[in-house]
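Spelled out, the chains give:
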Amino acid sequence: MDGGSKLGEQAVQGEPSATVAYRDSFYTRHGKRIFDVVLAITMLPILLPVMALIALGIAHKGQIIYCHRRVGRHGIEFTCYKFRTMCIDADLRLAELLASNPSAQAEWARDHKLQDDPRITRLGRILRKTSLDELPQIWNVLRGDMSFVGPRPVTRAERAKYGDVAAAYLSVRPGVTGPWQISGRSDVSYAARVMQDADYIAGINLASDAVIIAQTALVPLKMTGR
């Protein structure tokens, strides 16, 4: 831990107290952003052909990119980009399902996800399992909205679930990937995912970011996404 780190004790509701460090180092102030930009520029020539093929697969059924609002650093909202993995009338289908299915309604309220989501297209399921739906977020990284590694980008409503850890969440950029991406994702509770984010923020450094990125590269092969 750097000597200049600012420490604050934060707790997630329903979980044991945890110490969350607002890390103040050269890497968090400057190095992480430099690392993001260099990596994004390096990866673009490799990723662009892949993204073009995915876009062609989606284009014949409507909108290619799904834009959604997320909360970023300092509480500033930004538009987060993904390949569209759901049907065009996804919002209507979700509303109808939640209105008629109490079990799905409870699952959505708890996790903001559905295990058996009727809105997801056939191609969308493949993109989600391989996490390739998140490739357009490289644009968010270049813009400075996100970092390659960081806590999960959440909505304003979801941020309320972070409790006292919300301050730590808002001190950094959300990530395209993070500990949640490589250690269970939707298979762990929401509170556990919050604690993963808090632990990551407390120990941000170049080595851990490099390890997470390397492990994330294996996610498409494991097909563990949802």
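Everything numeric in this text was worked out from a predicted model, so none of it was measured.

Engineer: Lay out the pairing of strand 3 (residues 65–71) in plain terms, naming residues and giving numbers.
Structural biologist: Here strand 3 pairs with strand 4 (residues 77–83) via seven bridges, running antiparallel. Looking at the pairing, Arg69 lines up with Thr79 of strand 4. The hairpin turn running from strand 3 into strand 4, its antiparallel successor, is five residues long, and His74 in that turn takes a positive phi close to 65°.

Engineer: Outline the environment of Ser25, supporting the account with residue identities and numerical values.
Structural biologist: Mapping Ser25 onto the fold places it in the loop between strand 2 (17–22) and helix 1 (26–59). Given the relative accessible area of 11%, Ser25 is considered buried. As for Ser25 and Ile204, which are separated by 179 residues in sequence, their C-alpha atoms are 9.3 Å apart.

Engineer: Can you break down the nonpolar core residue by residue, with the values?
Structural biologist: Formed by 35 residues in total, the largest nonpolar core has its most connected members in Phe83, Phe148 and Tyr162. Of all the secondary structure elements, the ones that give two or more residues to this core are helix 1, strand 4, helix 5 (137–143), strand 5 (147–149), helix 7 (166–169) and helix 9 (190–202). Top element by residues in this core is helix 1. It accounts for eight residues. Apart from residues no more than four positions distant in its own chain, Phe83 is found in contact with Met51, Ile54, Ala55, Ile58, Ile64, Ile65, Tyr66, Leu127, Leu132, Asp133, Leu135 and Pro136. With five residues, the next largest nonpolar core counts Leu94, Leu97, Leu98 and Leu114 among its residues.

Engineer: Outline the packing of helix 2 (residues 90–100) against helix 3 (residues 102–111), listing residues and values.
Structural biologist: At their nearest, the axes of helix 2 and helix 3 sit 5 Å apart, and the two run at 115° to each other. By the angle class used here, helix 2 and helix 3 are roughly perpendicular. Residues Leu94, Leu97, Leu98 and Ser100 of helix 2 form the contact with helix 3, whose own contacting residues are Pro102, Ala104, Gln105 and Trp108. Residues of the contact of helix 2 with helix 3, tallied by class, amount to six nonpolar, two polar and no charged.

Engineer: Report on helix 4 (residues 122–130), specifying residues and quantitative values.
Structural biologist: Gly124, Leu127, Arg128 and Thr130 are the residues of helix 4 that are buried. Phi turns positive, to about 65°, at Ser131, one or two residues after helix 4.

Engineer: Explain the confidence of the model for the chain to me, and be specific about the residues and the numbers.
Structural biologist: In the predicted model, the chain carries a mean pLDDT of 83, and 85% of its residues have values of at least 70. Across residues 1–19, confidence stays below pLDDT 50; counting only partners more than four residues off in sequence or on other chains, it has 41 contacts.

Conventions adopted
Residues numbered from 1 in each chain as written. Predicted model: local features only at pLDDT ≥ 70, side-chain atom pairs only at ≥ 80, totals over all residues. Heavy atoms only, no water. Pairing = 2+ DSSP bridges. Helix = DSSP H or I, 4+ residues; strand = E, 2+ residues; numbered from the N terminus. Buried < 20%, exposed > 50% of the residue type's maximum accessible area, 1.4 Å probe, protein only. Core = buried A, V, L, I, M, F, W, Y, C linked by side-chain atoms within 4.5 Å. Contact = heavy atoms within 4.5 Å. Axes fitted to C-alpha atoms, helices over the stretch in contact; angles between N-to-C directions. Parallel < 35°, antiparallel > 145°, perpendicular 65-115°, else oblique. Nonpolar A, V, L, I, M, F, W, Y, C, P; charged D, E, K, R; others polar. pLDDT = per-residue confidence, 0-100.

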